[in-house]
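Residue strings, one per chain:
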Amino acid sequence: MERFEITKTPIITEDIIKKVEKREAGAITTFIGTVREWTNGKRTVRLEYEAYEPMAVQMLAQIGAEIEEKWEGASAAITHRIGVLDIGEAAVVIAVSSPHRKAAYEANEYAIERIKQIVPIWKKEIWEDGEQWIGDQLETTAYPNGKPDLSGGEQHD
């Protein structure tokens, strides 16, 4: 059972939780990032996610290792969805188990922030009146002009 995944199918939260259940855990926290309808006064129609999948899985696993190092006894599982997502659908589910609840909460928050910082996943917001690629990863020095073209060359917006 892989704890870190990129998927094109809807995420089943209970399946992610099962990946971190253990007898030593006194707490399991979950974070479910969903597609919201309104952002900064603009109505979102849908989101489209793309990822450099091998690297994304590797970075999710790195986040899991960081969590295990920072919070003793903690375990994490992260699944991120790619493709077209409608309003209300889960884009990411993070589950963290830990002997104590405070560590589980902290580690879960840490995970979502690290995902935004280092995981090569790009989100396109499609609004009623336009669209735009969004995300911290777009502002890295590696891709100063936008997300990379996953077919081999770099894309400039």
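What counts as what
Residue numbers restart at each chain and count upward from 1, following the sequence in its written direction. Where totals are concerned, whole chains, interfaces and linings use all residues; where local detail is concerned, this predicted model gives features only for residues with pLDDT of at least 70, and gives and counts side-chain atom pairs only at 80 or more. For the side-chain quantities, the full set of heavy atoms in the structure was used; hydrogens and water were omitted. UniProt positions are given in the numbering used here, feature names are shortened, and annotations may be inferred rather than shown by experiment. Relative accessibility thresholds used throughout: buried, under 20% of the residue-type maximum; exposed, over 50%; partly exposed, between the two (1.4 Å probe, protein chains only). Numbering of helices and strands runs from the N terminus; a helix is a DSSP stretch of H or I covering at least four residues, while a strand is a stretch of E covering at least two. Pairing between strands is defined by DSSP: at least two bridges between them are needed. Convention adopted: a line fitted to C-alpha atoms gives each axis, helices being fitted over their contacting stretch, and angles between N-to-C directions are expressed from 0 to 180 degrees. We call two residues in contact when some of their heavy atoms are within 4.5 Å. Confidence of the predictor in every single residue is expressed as pLDDT, which spans 0 to 100.

In the nomenclature of an unreviewed UniProt entry, the protein corresponds to Molybdopterin synthase catalytic subunit from the organism Bacillus inaquosorum KCTC 13429. Under the UniProt heading Subunit (unreviewed entry), the note attached to the protein is "Heterotetramer of 2 MoaD subunits and 2 MoaE subunits. Also stable as homodimer. The enzyme changes between these two forms during catalysis."

What follows covers the pairing of strand S8 (residues 121-127). The buried fraction of S8 is high, at six of seven residues. When strand S4 (residues 42-51) meets S8, the two strands line up antiparallel, connected through seven bridges. By the bridge assignment for S8, Arg46 is matched with Ile126. Looking at chain direction, S8 and strand S9 (residues 130-134) are connected through five bridges and run antiparallel. Across the sheet, Lys123 pairs through a bridge with Ile134, a residue of S9. The turn joining S8 and S9, which pair antiparallel and follow one another in sequence, is formed by two residues.

As a further point, take the sheet that holds strand S5 (residues 75-81). What the four strands build is an open sheet, ordered S1-S5-S7-S2; its pairing is mixed. Here the strands that pair on one side only, and so sit at the sheet edges, are strand S1 (4-7) and strand S2 (27-34). Averaged over neighbouring strand pairs, the angle between their axes works out to 10° when direction is ignored. Judged from the four bridges that link them, S1 and S5 form a sheet pairing that is parallel. Its bridge partner being in S5, Thr7 is matched across the sheet by Arg81. Sheet strands in contact with helix H2 (residues 53-70) are S1 and S5, and its direction is about 150° off that of S1. Strands S2, S5 and strand S7 (90-98) of the sheet are contacted by helix H3 (residues 101-118), whose axis makes an angle of about 145° with S7.

Now for the confidence of the model for the protein. Mean pLDDT for the protein: 89, with 85% of residues reaching 70 or above. The model gives residues 150-157 a pLDDT under 50, and that stretch makes 20 contacts with residues more than four places away or in other chains.

This part covers unusual backbone geometry. Non-glycine residue Asn40 carries a positive phi angle of around 50°. With respect to the helices and strands, the residue Asn40 is situated in the loop between strand S3 (38-39) and S4.

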